[in-house]
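The primary structure of each chain is shown beneath.
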Amino acid sequence: MEIPRPHSQTGQVAYHDLLRLLKDQAVSDLRGAPVLKQVNGRGYWYDRYRVGTRTVDRYIGDDTEDLRARLDRAAALKAADAASARERARLVRLLRAEGYMPVDLASGQILTAMARAGVFRLGGTLVGTQAFRLYEGELGVRIAADQMAMTMDIDVASFERLSLVLDDRVDPDLPRIFRDFDFDPVPGIGRAEDVWRWRQTTQQTLIEFLTPSFDAEEGIRELPALGVKARALHHLNYLIADPLPAAVIYRQGALVQVPQPARYAIHKLIVADRRREGADAMKARKDRAQAAFLVDVLAEEDPDALGEALEEARGRGTAWRTRIDATLARLPETAARLTALPG
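Residues numbered from 1 in each chain as written. Predicted model: local features only at pLDDT ≥ 70, side-chain atom pairs only at ≥ 80, totals over all residues. Heavy atoms only, no water.

## Some details on the pattern of salt bridges
Side chains bearing opposite charge may pair, as long as their charged atoms lie close to each other.
Inference 1: Applying the stated rule across the entire model yields 24 salt bridges.
Inference 2: Salt-bridge contacts for Asp 66 lead to Arg 70; the nearest nitrogen and oxygen are separated by 2.6 Å. Separated by 4 residues within a single helix, Asp 66 and Arg 70 lie in helix 2 (residues 65–72), roughly one turn from each other.
Inference 3: Judged by its relative accessible area of 7%, Arg 70 is buried.
Inference 4: For Arg 316, the salt bridge is made with Glu 312, and the minimal N-O distance between the two is 2.6 Å. (Salt bridge = Lys/Arg side-chain N within 4 Å of Asp/Glu carboxyl O. Helix = DSSP H or I, 4+ residues; strand = E, 2+ residues; numbered from the N terminus. Buried < 20%, exposed > 50% of the residue type's maximum accessible area, 1.4 Å probe, protein only.)

See below:
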């Protein structure tokens, strides 16, 4: 595989400036007063305001030092919001000029609408190739716009339990947003009401919702915070643990969440072995290519994170180790990279 080329220092600084401004924007539209709630030993911040006689708690984010600092500056951020929007648009133009991959029009429109509705604020994590493309910003390396990075699918994963704990919900409802962008529900297998996918009639963009399965079966589950159902999959809990914020390169940018790149790489080694024939075989080739690319980058840039992600996955049982080893048998250079990791 060709050695990944880094983006320019200008581009890397611009990306992190864009990400910072998007995170600022997330607290600049408070309608009331921030309130901290404790649930099962964890802190969650909410924007508490009144609508008529009703009190509304709108989830802001987990209790972190970073979020607390932004909440302390919420008034100043609100006052600077118009200037921030212009600066975000400028940074997006700069990133495109520096060679960062923008999303296509259809994906950019729907990702922005989903972000505004609260999908990623309420625990949704972008997975699959759309997430892989965004690692350009996180890792500061160029990802070629080839088959490894091409997709018309948008996959969003979330924990069912988190969706219940947050006690908040997207607004407006996602099915209504999808109708506005000409997405039709794809009937589920079995019960017709088990819809977890929507396909755009004009662009053929496909949106899928996923959630971790902690049972033997991979069925359909509810995601109350997102107001949709999701297909439950094994190994997904490993992938979306502790996601990272990321900026979508589109118009004024959009704030989403993506998996940690080391977890994404190891997860791709696992799922590549689950795919067998036909279209799945083509997806498996993409899985292997993405895993190999990220291992090459992370072995140089963050070998500790890569080693920890591999060790955790291997420690989850024989089935996990078997799938990882089966894929690595087809990727000898990647296997050698992982074997050479420190520790």
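The rest of the description comes next.
## Focus on helix 14 (residues 332–339)
Inference 1: Taken residue by residue, helix 14 has Thr 334, Ala 335 and Leu 338 as its buried positions. Down the axis of helix 14, the smallest arc covering the buried residues is 100 degrees, so these residues share one side. For helix 14, the exposed residues set more than 90 degrees away from the buried face come down to Pro 332, Glu 333 and Thr 339. (Arc of directions from axis to C-beta.)

## Section: the packing of aromatic side chains
Inference 1: Summed over the entire model, instances satisfying the criterion amount to 11 aromatic pairs.
Inference 2: Judged by centre distance (6.5 Å) and plane angle (0 degrees), the rings of Tyr 15 and Tyr 100 are stacked. Highlighted residues: Tyr 15 in helix 1 (residues 9–28) and Tyr 100 in the loop between helix 4 (81–97) and helix 5 (105–117), separated in sequence by 85 residues. Each member of the pair, Tyr 15 as well as Tyr 100, is classed as buried.
Inference 3: Look at Phe 178 and Phe 183: their rings are 5.9 Å apart centre to centre, the planes differ by 55 degrees, and that puts the pair in the tilted class. (Phe/Tyr/Trp six-rings, centres within 6.5 Å; stacked < 30°, edge-to-face > 60°.)

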